[in-house]
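Results of the structural survey
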Amino acid sequence: MSAFAAPRYNRVPAVTIEFWLRLTALPSSGFAIILDTRTGGANGNHLVLYMEASFGNKIIFYNSGSPHLGTAAAPSTDVWHHVAVSRASGVTRMFLDGTQSDTLYSGTPTDYTDSMDYEPCQPVFGSDSTGKNQIAGYIDEVRFTKGEGLYTADFTPPSSVLSPPETATSEPTRKAR
């Protein structure tokens, strides 16, 4: 996969980032970055989604230098998975195939109280912001929805092409397979 940059987004109290992910391989060591909003790999008020072999290749939500949420299990290879991160009312939740993720350690679905004022950025999908730590696979149907946390509980993932919600400003982006 070659990484690509999505449209910039600005500081917003509510946002949903969602996309479809199909991995051809999981990291056998180290980690692979799915989404990176850092500049030059530096930590700060940025979020990162990644998989790390030492965490069983769960998808991990990371910000400000710390991991906070992780999927219950690693995504299967050669299967399309819907991934969503939704922030509403100061709470961030992560979902894999419509199921809310747990914390990295508890095994139960958890909300992450998120008071982070994320800096404007140019999100990069498929690697870190320097082009390293690429995933092996594909990302499709990327959607950033500003101003609305679309998912606050388990849901059925969309079965058709993502479209802008009626009540929010959305910036759909498409990566060819």
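Remember, predicted model here, so these are calculated numbers, not experimental data. (Residues numbered from 1 in each chain as written. Predicted model: local features only at pLDDT ≥ 70, side-chain atom pairs only at ≥ 80, totals over all residues. Heavy atoms only, no water.)

As for the overall build of the protein
- Secondary structure assignment for the protein yields 0 helices and 13 strands.
- Mapped in sequence order, the helices and strands of the protein form the string β-β-β-β-β-β-β-β-β-β-β-β-β.
- Counting all 177 residues of the protein, 49% fall into the buried class.
- Partitioning the intrachain contacts of the protein with sequence separation of at least 6 by distance along the chain shows that 67% fall at a separation of at least 24. (Helix = DSSP H or I, 4+ residues; strand = E, 2+ residues; numbered from the N terminus. Buried < 20%, exposed > 50% of the residue type's maximum accessible area, 1.4 Å probe, protein only. Contact = heavy atoms within 4.5 Å.)

A closer look at the environment of L162
- Tracing the backbone shows L162 in the loop between β12 (136-146) and β13 (169-173).
- Sequence separation between L162 and V142 is 20 residues; the distance between their C-alpha atoms is 8.3 Å.
- Setting aside anything within four residues of it in sequence, one finds L162 in contact with E18, E141 and R143.

Side note on the pairing of strand β3 (residues 31-36)
- Most of β3 is tucked away: 5 of the 6 residues are buried.
- Looking at chain direction, β3 and strand β4 (residues 47-52) are connected through 5 bridges and run antiparallel. Residue I33 lies in a different strand from β4, and its bridge partner there is Y50.
- Sheet analysis places β3 next to strand β11 (residues 124-125), joined by 2 bridges and oriented antiparallel. Note that in β11 the partner of D36 across the bridge is V124. (Pairing = 2+ DSSP bridges.)

Side note on the pattern of salt bridges
- In this structure the tally under the stated criterion is 1 salt bridge.
- The closest approach of N and O atoms between E18 and R143, which form a salt bridge, is 2.5 Å. Taken together, the positions of E18 in strand β2 (residues 15-25) and R143 in strand β12 put the pair 125 residues apart, joining distant regions of the chain. The exposure classification of E18 matches that of R143, with both residues buried. (Salt bridge = Lys/Arg side-chain N within 4 Å of Asp/Glu carboxyl O.)

With respect to the pairing of strand β7 (residues 80-88)
- For β7, a buried count of 8 out of 9 residues is recorded, marking the element as mostly surrounded by other parts of the structure.
- As judged from the 8 bridges shared by β2 and β7, these two strands associate in the antiparallel manner. Bridging across to β7, R22 finds its partner in W80.
- Here β7 pairs with strand β8 (residues 91-96) via 6 bridges, running antiparallel. By the bridge assignment, A88 is partnered in β8 with V91.
- Here β7 folds back onto β8 in antiparallel fashion, the turn holding 2 residues, of which S89 has a positive phi close to 55 degrees.

Some points on the confidence of the model for the protein
- Predicted confidence across the protein gives a mean pLDDT of 78, with 73% of residues reaching 70 or more.
- Contacts from residues 1-10, a stretch scored under 50 in pLDDT, to residues over four places away or in other chains number 44 contacts.
- Under a pLDDT of 50 for its full length, residues 167-177 has, in the predicted model, 32 contacts with residues more than four places off or in other chains. (pLDDT = per-residue confidence, 0-100.)

Observations concerning the environment of Y138
- In this structure, Y138 sits in strand β12.
- Note on Y138: relative accessible area 39%, which makes it partly exposed.
- With 60 residues separating them along the chain, Y138 and D78 place their C-alpha atoms 9.7 Å apart.

Quick notes on the nonpolar core
- One finds F19, L21, I34, L49 and I59 to be the most contacted residues of the largest nonpolar core, which totals 24 residues.
- Secondary-structure elements contributing two or more residues to this core are β2, β3, β4, β5 (59-63), β7, β8 and β12.
- For this core, the element with the most residues is β2, which contributes 5 residues. (Core = buried A, V, L, I, M, F, W, Y, C linked by side-chain atoms within 4.5 Å.)

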